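# A structural walkthrough
So the chains spell out like this:
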Amino acid sequence: MKLESTGCTDRGRIRAYNQDSYYIDPAGRFFIVADGMGGHAGGEEASRIATEEIRSYLDKNWQSPQSSSEILEQALSTANQAIVKDQQNHPERADMGTTAVVIMIRPDELPVCGHVGDSRLYRLRKSQLEQITEDHTWIAKALKIGDITADEARVHPYRHVLSSCLGREDLHHIDIQPITLEQGDRLLLCSDGLTEELIDQKIFEYIKDAPNLEQAAHNLVEAAKEKGGHDNITVVLVSVEN
């Protein structure tokens with residue numbers, strides 16, 4: 001399986017600092033997006049710790065006999081523990097936390113996605129853009145059980161309230177799921193700075209119409225900024241070539 005990938009991040013038009021972080025493994029083995037919270041210093045540090053801890057754990061355990069799902073879950077758990085430890089060592093960052101969404105692709109196994117929070121994974125296949133992850137937010141739960149409509153969810157004042165994130169001692173569940181990939185698929189990992197500004201149909205159009213991944217990533221970020229850019233915006237795009 002041949003993969004091409006690109007990523008970019010922008011602080012947007014309102015925030016003074018960028019608390020997002022991302023990492024693309026040079027060998028195309030894994031991809032990470034993290035969106036920090038807890039003030040300038042805290043948010044930046046939380047997303048940095050998460051990205052570095054996940055990267056390091058996957059590097060060290062890539063040849064482990066454990067399944068990809070087990071390795072990825074432990075990588076996210078290790079990142080959570082590292083953030084909690086940093087909070088304890090630096091009380092001024094006690095409220096920091098971060099989302100994370102990760103794709104891991106090992107030979108002879110289905111690719112797996114792990115996530116905590118509301119950073120998302122999408123898969124574009126032919127003419128359909130599908131949201132693979134389910135947001136860990138109060139709003140997502142309310143939408144799922146039918147308490148609110150999709151239109152209400154987009155403007156609800158509690159839409160940013162997370163039900164789970166990295167940096168919590170009471171983190172008990174990390175979503176891990178296998179995903180299928182076919183030639184021509186494109187994957188999008190992104191922070192909510194993108195999805196807050198652009199509906200899924202617009203995201204689909206910007207990816208589908210761009211001549212290459214780099215242009216698609218640039219167009220997505222610029223479109224989100226034009227819509228207001230109220231938050232930091234991070235996108236990682238992965239294309240399955242062969």
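The notes below deal with the structure included here. Computed from a predicted model, the values in this text were never measured in an experiment.

Conventions we followed
Residues numbered from 1 in each chain as written. Predicted model: local features only at pLDDT ≥ 70, side-chain atom pairs only at ≥ 80, totals over all residues. Heavy atoms only, no water. Helix = DSSP H or I, 4+ residues; strand = E, 2+ residues; numbered from the N terminus. Buried < 20%, exposed > 50% of the residue type's maximum accessible area, 1.4 Å probe, protein only. Pairing = 2+ DSSP bridges. Axes fitted to C-alpha atoms, helices over the stretch in contact; angles between N-to-C directions. Contact = heavy atoms within 4.5 Å. Polar contact = N/O pair within 3.5 Å; in protein donor to acceptor, adjacent residues only side chain to side chain.

## Thoughts on unusual backbone geometry
Positive phi, normally seen in glycine, also occurs at Asp-108, with a value near 65°. Take Asp-108: it is sitting in the loop between strand 4 (97-104) and strand 5 (112-116). When its relative accessible area of 84% is taken as the criterion, Asp-108 is described as exposed. Phi at Lys-126 takes a positive value of approximately 55°, unusual for a residue other than glycine. Among the secondary structure elements, Lys-126 is positioned in the loop between strand 6 (120-125) and strand 7 (128-131).

## Thoughts on the sheet that holds strand 10 (residues 233-240)
Spatial ordering of the open sheet is given by 1-10-9-6-7, a layout of 5 strands whose pairing is antiparallel. Each edge of the open sheet is held by one strand with a lone partner, namely strand 1 (3-10) and strand 7. Direction aside, neighbouring strands of the sheet carry axes that sit 15° apart on average. The pairing of strand 9 (residues 186-190) with strand 10 spans 5 bridges and is antiparallel. Directly across from Leu-187, in strand 10, lies its bridge partner Val-238.

## A word on the sheet that holds strand 4
Pairing is antiparallel in the open sheet, where 5 strands are placed in the order 2-3-4-5-8. Looking at strand neighbours, the two that pair on one side only are strand 2 (20-24) and strand 8 (175-178), the edges of this open sheet. Between one strand axis and the next, the sheet turns by 10° as a mean value, whatever way the strands run. Note that strand 5 and strand 8 share 4 bridges and pair antiparallel. What sits directly across from Val-112, in strand 8, is Pro-178.

## Section: the environment of Ser-68
By secondary structure assignment, the location of Ser-68 is in helix 2 (residues 68-89). On the accessibility criterion, Ser-68 (1% relative accessible area) is buried. Taking the C-alpha atoms as reference, Ser-68 lies 31 Å from Gly-38; in sequence the two are 30 residues apart. Ignoring anything within four residues of it in the chain, the contact list for Ser-68 reads Met-104, Arg-106, Glu-109 and Val-112. Only 3.0 Å separates the side chain of Ser-68 from the side chain of Arg-106, close enough to count as a polar contact.

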